[in-house]
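# Coordinate analysis (summary)
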Amino acid sequence: MNSITLLQPQKIVFGEDSIKELSNDPFIENSNRILLFVATPLLDAVESTTKRIQSKNKEVQLVEYTFVGEPTFAQFNELLNANKGFNPDCVIGIGGGSVLDCAKLLAALINNTQKLEDIVGIGFLSGRKIKLICIPTTSGTGSEVSPNAILLNEETQAKSGIISPYLVPDACYLDPVLTLSLPPKLTAETGIDALSHCIEAYTNKFAHPAVDTYALKGIQLISENIQKAYENGNDIEARSALLLGSMYGGLCLGPVNTSAVHALSYGLGGKFHIAHGLSNAILMPEVLRFNLPSNPKRHAEVARALGITWNGKDEYIASTGIEKIEGLLKTCGIPKKLSEIGITEAIIPELADIAMKVTRLLKNNPREVTREDAINIYKKLL
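Read on for a plain summary of the structure. (Residues numbered from 1 in each chain as written. Predicted model: local features only at pLDDT ≥ 70, side-chain atom pairs only at ≥ 80, totals over all residues. Heavy atoms only, no water.)

Turning our eyes to something else, we now look at the overall build of the chain. Within the chain, the secondary structure is distributed over 14 helices and 9 strands. In terms of its C-alpha atoms, the chain occupies a principal-axis envelope of roughly 65 × 45 × 45 Å. Classification of the 382 residues of the chain by burial places 59% in the buried group. Taking the contacts inside the chain whose residues are at least 6 apart along the sequence as the reference set, 78% of them involve residues at least 24 apart. (Helix = DSSP H or I, 4+ residues; strand = E, 2+ residues; numbered from the N terminus. Buried < 20%, exposed > 50% of the residue type's maximum accessible area, 1.4 Å probe, protein only. Contact = heavy atoms within 4.5 Å.)

With a phi close to 60°, N57 is a non-glycine residue in the positive phi region. Judged by its relative accessible area of 73%, N57 is exposed.

Taken together, the 3 strands give an open sheet; going across it, the order is β5-β8-β7, and neighbouring strands pair in mixed fashion. On the outer flanks of this sheet lie β5 (121-122) and β7 (148-153), each paired with one strand and no other. Pairing of β5 with strand β8 (residues 158-163) involves 2 bridges; the strand directions are parallel. Residue pairing for β8: G121 is matched across the bridge by I162. (Pairing = 2+ DSSP bridges.)

The next thing to look at is helix α2 (residues 47-54). All of the buried residues in α2 are T49, T50 and I53. For α2, the buried positions fall inside an angular range of 100° around the axis, keeping them on one side. Of the surrounding secondary structure, the elements contacted by the buried residues of α2 are α1 (26-29), β2 (33-39), β3 (59-65) and β4 (90-95). (Arc of directions from axis to C-beta.)

A few words now on the environment of K159. Tracing the backbone through its elements, the reader meets K159 in strand β8. Taking C-alpha positions, K159 is 9.4 Å from A263, a pair spaced 104 residues apart along the chain. A distance of 2.9 Å separates the side chain of K159 from the side chain of E70, its partner in a polar contact. Among the polar contacts listed, one links the side chain of K159 to the side chain of H276, at a separation of 2.7 Å. (Polar contact = N/O pair within 3.5 Å; in protein donor to acceptor, adjacent residues only side chain to side chain.)

Right, let's talk about helix α3 (residues 73-83) for a bit. Restricting attention to buried positions, one finds in α3 the residues F73, F76, N77, L79, L80 and N83. On an axial view of α3, the arc spanned by its buried residues comes to 160°, and they lie on one face. Away from its buried face, by an angle of more than 90 degrees, α3 presents the exposed residues E78, N81 and A82.

This paragraph deals with the state of the cysteines. Counted under the stated rule, the structure contains 0 disulfides. Cysteine C102 remains unbridged, with the sulfur of C134 as its closest cysteine sulfur at 11 Å. On the accessibility criterion, C102 (0% relative accessible area) is buried. No disulfide involves C198; its sulfur sits 5.2 Å from the nearest other cysteine sulfur, which is in C252. (Disulfide = S-S within 2.5 Å.)

The quantities given are spatial measurements derived from coordinates; they are silent on function.
Printed below as a string of structure tokens:
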């Protein structure tokens, strides 16, 4: 059995209204200056939390996340420079994946001689002195438990990953109440993103029994509840299940990570600014069909986690599982084709070129992906 390293926050709190306990967290108790980094739509929701922290004689600097779409290197550097002077003891990020990724990088770089450009890649961050708490408000990236942060690199027109054990938060609070206001479209897209984390981890070349349990449970929770949450955003049980499934997907990202679905989506997000979850959702069925011959048994087990109960050959069960995913996508209003979101055949070679540079993910794919393979996958989705 291959060796593996599991990285997790010291403290994971899950439950309805758990954010109300945030002010009592030891990481906050032992800090004097708190940088609270919050997505603008959540300012009212966190007002009482802010007041509770301030009542403990803590200095709180509230910073709004105002970026449209995924943050770029330049945007993050502006954010970093604007907040270095506060010199916090603790950074709290509350929001979706991009908010949490920026919060993680703020905590790592505010008191650090390293620059953002120095730490791109795997293992280049030298350390982090500032405490970090992450609170997700979408059920998608799993950033609250992962060692990853993703920013848009303007030069390459693709996303760049910063991966380091120092980016794993000290604590995270998973409060499904904070996800109730998420619109149906974002519920679907972020939920499918979380599903892709779990599926790609389980079918990964470097899949491991220590992570398989998280991946399979995440697949089950998300597939059983995404339609419920999409159709009724106030279904707290469905929201809770999605949030837990997303967390399981995040726990897969450090030790195993994603593969070709995410690699092929990078150009769609980087150059054409298509939402990350939407890109993954459209690509996933066709990439899974491409990967299926490499390990039919693993793909059949994914199908069973999705709820497929048929008997038969692994190839048939796996194919039925892919059809189940397509059914979920259709039910949740996600387009089936890249052509439906403005992608034309003329730009496919450029998308393939961008994808082929994402070697840190392509190396994980259970089947080798050549440039020609990438082009063919894109073309099948036109």
